[in-house]
Amino acid sequence: MLKAAISFLLISFHFIASAQAKSIVFEAKEAEKIIKVLAADSMQGRKAGTQGCEKAALFIASEFQHIGLQPIAGGQFLQTFNLKPGQSLSGEGPKLNNVVGILPGKTKPGEFVIFSAHFDHLGVGVPENGDSIYNGANDDAAGTTAVIMLAQYFKQLANNDRTLVFAAFTAEEIGGFGSQYFSKQFDPAKVVAMFNIEMIGTTSKWGKNTAYITGFEKTDMGKIMQKNLKGTAFSFYPDPYPEQQLFYRSDNATLARLGVPAHTISTAKMDDEKYYHSVEDEVETLDLNNMVQIIKAIAESSRTIIAGNDTPTRVPALK
Ligand SMILES: [Zn+2]
């Protein structure tokens with residue numbers, strides 16, 4: 001009888017949980033809470049190798065733990081590595097940390113889908129109008145916020161067939177060393193898609209409910225994403241700034257060079273992004289309502305890839 005009561009309770013909890021899952025929404029308030037921590041002055045601009053950056057890493061790790069992601073080998077969310085001589089200004093560099101959490105796939109655990117962003121930024125500079133901290137709210141606390149919110153979402157949804165990997169990279173701004181180290185911990189053949197998220201806090205050149213995908217023509221991943229958004233108010237476009245070579249300038253590039261369909265999603269107006277790499281890149285300049293629509297669109301557009309129904313074509317190997 002007790003057993004029956006317990007299983008009844010468990011079943012009820014299960015129903016409550018799935019009822020909640022169906023009503024999961026992406027709230028601007030939640031995005032604001034996370035991005036304000038990451039872009040706070042106390043993080044000192046999150047320059048790789050500084051205390052401020054490590055503080056941000058610990059915050060992201062605590063979010064991943066709270067969400068209930070699985071840690072990587074060693075029971076840690078921090079993926080620690082050393083810069084090699086020549087990668088930093090002072091010989092053997094300091095220890096740096098990526099932050100990585102896993103949601104194991106239900107039916108295809110050996111196939112990975114990655115959601116990523118870099119959390120490091122430019123640190124502290126020369127004061128301009130009394131401000132010297134590069135808060136990097138858009139670049140890329142915004143993308144990091146998206147990664148945390150996507151982890152929350154997919155954990156609650158609890159139906160991912162493929163394994164989801166949530167990665168926050170350090171050292172993008174000083175040479176992409178975080179994603180380079182990360183990419184060596186995987187067999188690239190097992191990674192079926194990477195959604196890298198960079199600067200989604202402002203509206204794109206097409207206005208609200210839009211973003212672009214770098215390297216759109218290199219695989220059919222963008223087309224799959226567009227297909228999954230049919231009938232919604234949101235549109236993904238090919239990168240309108242091909243001359244800027246954005247595909248090879250962000251953290252997706254390391255895995256893309258290994259053949260992985262790895263693209264960056266962004267709204268940054270590369271010809272007109274007022275606060276790009278300035279001390280004025282602050283949370284107050286962002287459109288968080290639009291940003292959560294982008295995060296939601298990323299979640300929806302990845303649906304069939306996560307379910308194993310769609311597998312994007314590979315990036316042709318560079319010779
Ligand atoms: Zn960036």
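About the criteria used
- Residues numbered from 1 in each chain as written.
- Predicted model: local features only at pLDDT ≥ 70, side-chain atom pairs only at ≥ 80, totals over all residues.
- Heavy atoms only, no water.
- Buried < 20%, exposed > 50% of the residue type's maximum accessible area, 1.4 Å probe, protein only.
- Helix = DSSP H or I, 4+ residues; strand = E, 2+ residues; numbered from the N terminus.
- Pairing = 2+ DSSP bridges.
- Right-handed = clockwise from strand over helix to strand, strands pointing away.
- Donors = N, O, S within 2.8 Å, 3.2 Å for Na, K, Ca; no water.
- Tetrahedral: all angles 85-135°; square planar, octahedral: opposite > 155°, others 65-115°.
- Contact = heavy atoms within 4.5 Å.
- Axes fitted to C-alpha atoms, helices over the stretch in contact; angles between N-to-C directions.
- Parallel < 35°, antiparallel > 145°, perpendicular 65-115°, else oblique.
- Nonpolar A, V, L, I, M, F, W, Y, C, P; charged D, E, K, R; others polar.

Under the annotation held in an unreviewed UniProt entry, the protein chain carries the name M20/M25/M40 family metallo-hydrolase and is attributed to Paraflavisolibacter caeni.

1. Looking at the pairing of strand β8 (residues 210-213)
What you see with β8 is no split at all: T210 and Y212 on one side and A211 and I213 on the other are buried throughout. Taken together, the four bridges between β8 and strand β9 (residues 235-238) define a ladder with parallel strand orientation. Directly across from T210, in β9, lies its bridge partner S235. Tracing the backbone out of β8, into helix α6 (residues 221-228) and back to the parallel element β9 gives a crossover that is right-handed.

2. With respect to the coordination of the zinc ion
Distances from the zinc ion to its protein donors, H118 (NE2), D139 (OD), E198 (OE) and E198 (OE), fall within 2.0 to 2.6 Å. Around the zinc ion sit four donor atoms, and with donor-metal-donor angles ranging over 53 to 157° the site reads as irregular. Here the donor residues of the zinc ion are spaced in sequence according to H-x20-D-x58-E. Of this pair, D139 sits in helix α4 (residues 137-157) while E198 sits in the loop between β7 (191-197) and β8, placing them 59 residues apart in sequence.

3. Quick word on the side chain of T144
Looking at the element boundaries, T144 is found in helix α4. Excluding residues that lie within four positions of it along the chain, T144 makes contacts with L38, I60, A117, H118, F119 and A168.

4. Some details on unusual backbone geometry
Looking along the chain, the bond that leaves D139 and enters D140 is cis, with omega of -5°. Here D140 lies in helix α4. In this structure, A171 takes a positive phi of about 60° despite not being glycine. Here A171 lies in the loop between β6 (162-169) and α5 (177-183).

5. Some points on the packing of helix α3 (residues 51-67) against α4
Contact geometry for α3 and α4: axes closest at 10 Å, N-to-C directions at 10°. With respect to each other, α3 and α4 are oriented roughly parallel. Only T144, V147, I148, A151, Q152 and K155 of α4 make contact with α3, whose side of the interface consists of F59, I60, E63, F64 and I67. Of the residues assigned to the contact of α3 with α4, the class counts are seven nonpolar, two polar and two charged.

6. A few points about the sheet that holds strand β2 (residues 95-103)
The eight strands lie next to each other as β1-β2-β6-β3-β7-β10-β8-β9, forming an open sheet whose pairing is mixed. Where the open sheet ends on each side, the last strands, each with one partner, are β1 (78-82) and β9. When strand polarity is set aside, the average angle formed by the axes of neighbouring strands in this sheet is 25°. Running at roughly 75° to β7, α6 makes contact with β7, β8, β9 and β10 (262-266) of the sheet.

7. Side note on the environment of I102
Mapped onto the secondary structure, I102 falls in strand β2. Between the C-alpha atoms of I102 and V165, which are 63 residues apart in sequence, the distance is 4.7 Å. If sequence neighbours within four positions are ignored, I102 has contacts with L69, Q70, P71, I72, T163, L164 and V165.

8. Some thoughts on the packing of helix α2 (residues 28-38) against helix α8 (residues 288-301)
Relative orientation of the contacting elements α2 and α8 amounts to 100°, with a least axis distance of 9 Å. As far as their axial angle goes, α8 and α2 are roughly perpendicular. Contact with α2, carried on its side by A28, A31, E32 and I35, involves L288, N289, M291 and V292 of α8 and no other residues of that element. Within the contact of α2 with α8, the residues separate by chemical class into six nonpolar, one polar and one charged.

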